[in-house]
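# Structural features, examined
If you want the building blocks of each chain, they are given just below.
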Amino acid sequence: MSAAALVRLSEPAARGVGAHPRHVLLAALVAGLLLGPRAPWALCVAAALSPVVWHAARAADGMGGHAGVGVAATALLLAGGWVAQGRLGALEHSALGPLHGHALNDRAVLLQPARPAPFGGRSALVRLRGEPVLLRVGPRIAWPAGVGVGDVLDVRGGLRAAGAYAARLRAHAEWRAQAVRATGQRRRGAAGAVDAVRRRAERALDKALPAPQAALLRGMVLGEDAGLPDALREDFRAAGLSHLVAASGQNVVLLSALALALASAAGLGFAARWCLVLGLIALYVPLAGAGPSIQRAGIMGAAGVMAVLAGRPASRWYALGLAAAATLALDPRAAEDPGWQLSFAAVGALLLLAGPWGAALRRRGVPAALAEAAAVTTAATVGTAPLLAVHFDRVSLVSLPANVLATVLVAPVMWLGMIAAVVGQVHAPAAAVLDAIAGYPLGCLTGLAHAAAAVPGAQVTAGPWTVLGALGAAGALAAVARGARRRPPAWVLAAVPAAAAGLAAAAGLGGGPPAPGPPRGLRVTFLDVGQGDATLLQLGAASVLVDTGPPDGGIVRRLRGAGVRRLDLLVVTHAEADHVGGGAAVLRAVPVAAVLDGRDGVRRPEGDRFAAELAARRVRALAPAAGEVLRVGGLVLRVLSPRRETAALRAGGNPNDRAIVLEASASGARILLPADAESPVLAPLDLRRVDVLKVSHHGSADPGLPGVLARLSPRVAVVEAGAHNTYGHPTAQALGALGAAGIPVVRRTDRDGTVRLDLEGGRWRVRTAR
């Protein structure tokens, strides 16, 4: 592209420089903060192109003043990148590195309430020697009763490098506890004073309410949702109301609105009201835990208040830019957090769409309050839907009406809860009265979430291209409908092919590159779903999926990428979340002919959701038993374990030991899929030599593994484990056993991504995603 063409393309933007120079400068700073840690080369390219933009500014209106803005913008772009890199280095610097891999007995301060871990036990963020560390407490380790944020714990355990989950929490390491003891001490200073206020607020919000409602109120007011029952949490998620369960920017705005109303009633002036709101936000952030999400909520809430007070649309966009700059300067990694992306997408959609949509509804006779609630909710839903599809592979179809109905309930709950938290500092009985009043809208809110989640098809699995295609189609068709009521302008004609393209994208179930067709021979794919199992067997048009990975493993996206449009058989080997967690999503997204259900009566939240979806869709369920042989097309599946047991025996024990052990054979090849059953289970079985082995239990430490490998003599072994998982899988012991066995090909999904094996001419062709 020539310099003249660049100038012509730059002229509209250059005129915008003159209209809002401070917005341009702020945008340059945000761009630098975003690009600095990720694409420093882009900063150099932008700096090199800046003279072209200055020239365009002078050519646009004959003014040379824009050149100064351009110089300043370039300087801010480079400064933002420099600040982000320096800040990132400071955040990731740790003095704990030499302690990794060693036992450590020390004291730590609890920073957040302990939460139940997905596979048993608890996890909590603590401060060890001045640095944040994720404390992992196994299910057999006693957790001290009555400890809360700010308490000092005496911990004995081993320190190791931070895994993926710990890194998302900004922890510098993980501490796997062997013993945890409360010391009875608490941190002091300003943080200790805030802890005392929080403890009194927690007690105030527990008064006169049943446990589930009290947990919900604490989550909405203080961001403490650890005590929320799993069933209620899932209802809120399915209904698209999960943002209400924890403290967010909306909570900060409601707090600010309450404070402004009370300050105005007290006769305070504008400056005093503004200072009061900022002070309350500064207190609320540490009161709600001061984690990355609540810090972002405080900044976003303050920006929202500034935008409302400023009144002008341009100032509102500037406030949003300030919030982005502040959050990125505080932590340049924030942009990688789905919560950060969703927050800014929601606010941006509100600024763009809520006003026009609300005005359109009012013109059609909708009451002002309802029009505003519907417009705000619809704009936020539209703005965040593609990101929800990207990160979570699903979209709630009931989210829009559920959020509109929840609007009239959230503000009373928040205001009553906040007042109760304040009153409870000095008079607990009065707080109990406020809690009892709040119980009525809380009850309505939980009933709304349950009813919305129970609607058939409340959630659908959808990729981002599906959502974007559907939104594009809806927008284009609306434009056509509007143009049909009057003489259609030329642009309306262009909406017709746009609508067709949008519908085609939506019908394509995700768009993107076309999925591969059925394999010509036997294909075994070990899908990268994080810390969990999901193995796909394909032979021609026949497809069998063995396990579905954890709930957030993206199993549906992986199946679509493998070209799967239906499953002849879905096998759930046992009831652990890393094997059945994605089962409900698979049933919603893919037609399934039958399920071999190895949950064996064990009740877990993920398994219960899977069972409910199984019943709703009337999919045939089979109970496994050793000796059974199932045939799916040319695939022969032999169940080696579990054996039939009495109900009394099935009621106890480790579900891993009762997992389905499956031998699959086709085209002269054999594959053993033992799930999490280790050598004590495998040793007594009738094991034959196999071509491919899925290593048991993600490559855990199993002293009997060498003996199992000697009997199986696999040509290919694959370990299904999540990158940077917190369990140390695959262990050095397992990898050593695989190496000592002389297995020609060993692959790991944590390192290699999805592993695909194709049997071609009697030989295995191995492909990996990385």
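### Focus: the overall build of the protein chain
- Scanning the protein chain from N- to C-terminus turns up 27 helices and 23 strands.
- Looking at the 770 residues of the protein chain, the share that counts as buried comes to 48%.
- Counting contacts in the protein chain only where the partners sit at least 6 residues apart, residues at least 24 apart contribute 67% of the total.
- A total of about 34300 Å² of accessible surface is found on the protein chain, and carbon and sulfur atoms cover 62% of it.

### Re unusual backbone geometry
- The amide bond that connects Ser 641 to the next residue, Pro 642, takes the cis arrangement and shows omega of 10 degrees.
- Along the polypeptide, Pro 642 turns up in the loop between β16 (635–641) and α23 (647–650).
- His 729 connects to Pro 730 through a cis peptide bond whose omega is -10 degrees.
- Residues other than glycine seldom take positive phi values, yet Arg 618 does so here, at roughly 55 degrees.

### Some points on the environment of Val 661
- As for its placement among the helices and strands, Val 661 is situated in strand β17 (residues 661–666).
- A relative accessible area of 0% means that Val 661 is categorised as buried.
- When the C-alpha positions of Val 661 and Pro 642 are compared, they lie 7.2 Å apart, and in sequence the two are 19 residues distant.
- Aside from chain neighbours lying at most four places away, what touches Val 661 is Arg 638, Val 639, Leu 640, Ser 641, Leu 672, Leu 673, Pro 674, Ala 677, Leu 682 and Leu 685.

### Observations regarding the sheet that holds strand β21 (residues 745–748)
- Spatially, seven strands are ordered β15-β16-β17-β18-β19-β20-β21 in an open sheet, and the strand pairing comes out mixed. If you trace the sheet from one side to the other, it starts and ends with β15 (629–632) and β21, each paired once. Across this sheet, the average inter-strand angle for adjacent strands is 20 degrees, counted without regard to direction.

### Focus on the pattern of salt bridges
- In this structure the tally under the stated criterion is 26 salt bridges.
- Between Arg 187 and Asp 195 there is a salt bridge, with its nearest N and O atoms 2.6 Å apart.
- Classification of Arg 187 by relative accessible area gives partly exposed; the value is 26%.
- Here Arg 198 ties to Asp 195 by a salt bridge, and the two come within 2.8 Å at their closest N and O atoms. Here Arg 198 and its partner Asp 195 are both found in helix α6 (residues 189–205), three residues apart, which amounts to about one turn of the helix.
- When salt bridges that share partners are traced, they join Arg 523, Arg 756, Asp 758 and Arg 767 into one network.

### So, the nonpolar core
- With 52 residues, the main nonpolar core has Met 220, Phe 236 and Leu 241 as its most contacted residues.
- Of all the secondary structure elements, the ones that give two or more residues to this core are α6, α7 (211–222), α8 (230–238), α9 (249–265), α10 (270–287), α11 (292–310), α15 (399–423) and α16 (428–453).
- Considering each element in turn, this core owes the most residues, 11 residues, to α15.
- Counting 32 residues, the second-largest nonpolar core is a separate cluster that includes Ala 594, Ile 660, Val 692 and Leu 757.

### Re the pairing of strand β20 (residues 716–719)
- Burial of the side chains of β20 extends over both faces: Val 716 and Val 718 are buried on one face and Ala 717 and Val 719 on the other.
- Across three bridges, the pairing between strand β19 (residues 692–694) and β20 is parallel. Directly across from Leu 693, in β20, lies its bridge partner Ala 717.
- Inspection of the sheet shows β20 paired to β21 by four bridges, in the parallel sense. Looking at the pairing, Val 718 lines up with Arg 747 of β21.
- Running through helix α26 (residues 732–740), the crossover from β20 to the neighbouring parallel element β21 is right-handed.

### Looking at the packing of α6 against α15
- Direction vectors running N to C along α6 and α15 enclose 125 degrees, while the axes themselves pass 8 Å from each other. In terms of orientation, α6 and α15 fall into the oblique class. Seen along the crossing, α6 lies across α15 with a hand that is right-handed. Residue-level contacts link Ala 201, Ala 204 and Leu 205 of α6 to Gly 417, Ala 420 and Ala 421 of α15.
- Per-class residue counts for the contact of α6 with α15 are five nonpolar, one polar and no charged.

### Digging into the packing of aromatic side chains
- Going through the model one piece at a time under the given rule, you end up with one aromatic pair.
- On the numbers, 4.4 Å between centres and 40 degrees between planes, the contact of Trp 340 with Phe 344 is tilted. Highlighted residues: Trp 340 and Phe 344, both in helix α13 (residues 338–363), separated by four residues, approximately one helical turn. Side by side, Trp 340 and Phe 344 carry an identical accessibility label, which is buried.

### Structural notes on the sheet that holds strand β10 (residues 535–539)
- In spatial order, the strands read β14-β13-β12-β11-β10-β9-β22-β23; together these eight strands make up an open sheet with mixed pairing. If you trace the sheet from one side to the other, it starts and ends with β14 (620–622) and β23 (763–768), each paired once. Within this sheet the neighbouring strands show an average axis-to-axis angle of 15 degrees, counted without direction.
- Where strand β9 (residues 522–526) lies against β10, five bridges are found, and the strand directions are antiparallel. Across the sheet, Thr 525 pairs through a bridge with Leu 536, a residue of β10.
- Strands β12 (569–572), β13 (594–597) and β14 of the sheet are contacted by helix α22 (residues 605–617), whose axis makes an angle of about 150 degrees with β13.

### Observations concerning the pairing of strand β5 (residues 151–161)
- Judged from the seven bridges that link them, strand β1 (residues 103–110) and β5 form a sheet pairing that is antiparallel. Residue pairing in the sheet places Ala 108 in a bridge with Leu 153 of β5.
- The sheet contact formed by β5 and strand β6 (residues 173–186) spans 10 bridges and is antiparallel. Following the sheet pairing, Leu 153 is matched in β6 by Ala 182.

### A word on the environment of Leu 244
- On the secondary structure map, Leu 244 appears in the loop between α8 and α9.
- Note on Leu 244: relative accessible area 3%, which makes it buried.
- Considered as a pair, Leu 244 and Asn 403 are 159 residues apart in the sequence and their alpha carbons are 9.6 Å apart.

### Observations concerning the environment of Arg 199
- Among the structural elements, Arg 199 can be located in helix α6.
- Classification of Arg 199 by relative accessible area gives buried; the value is 18%.
- Separated by 88 residues in sequence, Arg 199 and Leu 287 place their C-alpha atoms 9.5 Å apart.
- Ignoring any residue separated from it by four or fewer positions in sequence, one finds Arg 199 in contact with Val 149 and Arg 186.

### Some thoughts on α16
- For α16, spanning 26 residues, the distance from its first C-alpha to its last is 35 Å, which sits close to the expected 38 Å at 1.5 Å a residue.
- The largest bend in α16 amounts to roughly 30 degrees and is located at Gly 439, with the proline Pro 441 lying one to four residues further along.

### Observations concerning the side chain of Thr 446
- Residue position: Thr 446 is located in helix α16.
- Its relative accessible area of 16% is what places Thr 446 among the buried residues.
- Here Gly 443 takes part through its backbone oxygen, which lies 2.9 Å from a polar atom of the side chain of Thr 446.
- Ignoring sequence-local partners within four residues, the contact set of Thr 446 consists of Leu 216, Leu 232 and Phe 236.

### Concerning the side chain of Ser 679
- Along the chain, Ser 679 turns up in helix α24 (residues 679–682).
- Here Ser 679 is in contact with Pro 684, Asp 702, Gly 704, Leu 705 and Val 708, once residues within four sequence places are set aside.

Cut-offs and rules
Residues numbered from 1 in each chain as written. Predicted model: local features only at pLDDT ≥ 70, side-chain atom pairs only at ≥ 80, totals over all residues. Heavy atoms only, no water. Helix = DSSP H or I, 4+ residues; strand = E, 2+ residues; numbered from the N terminus. Buried < 20%, exposed > 50% of the residue type's maximum accessible area, 1.4 Å probe, protein only. Contact = heavy atoms within 4.5 Å. Areas by Shrake-Rupley, 256 points an atom, 1.4 Å probe, with all protein chains shown as cover. Pairing = 2+ DSSP bridges. Axes fitted to C-alpha atoms, helices over the stretch in contact; angles between N-to-C directions. Salt bridge = Lys/Arg side-chain N within 4 Å of Asp/Glu carboxyl O. Core = buried A, V, L, I, M, F, W, Y, C linked by side-chain atoms within 4.5 Å. Right-handed = clockwise from strand over helix to strand, strands pointing away. Parallel < 35°, antiparallel > 145°, perpendicular 65-115°, else oblique. Left-handed = near helix turned anticlockwise from the far one by under 90°. Nonpolar A, V, L, I, M, F, W, Y, C, P; charged D, E, K, R; others polar. Phe/Tyr/Trp six-rings, centres within 6.5 Å; stacked < 30°, edge-to-face > 60°. Expected span 1.5 Å × (residues − 1). Bend = angle between axes of the 7 residues up to and from the residue. Polar contact = N/O pair within 3.5 Å; in protein donor to acceptor, adjacent residues only side chain to side chain.

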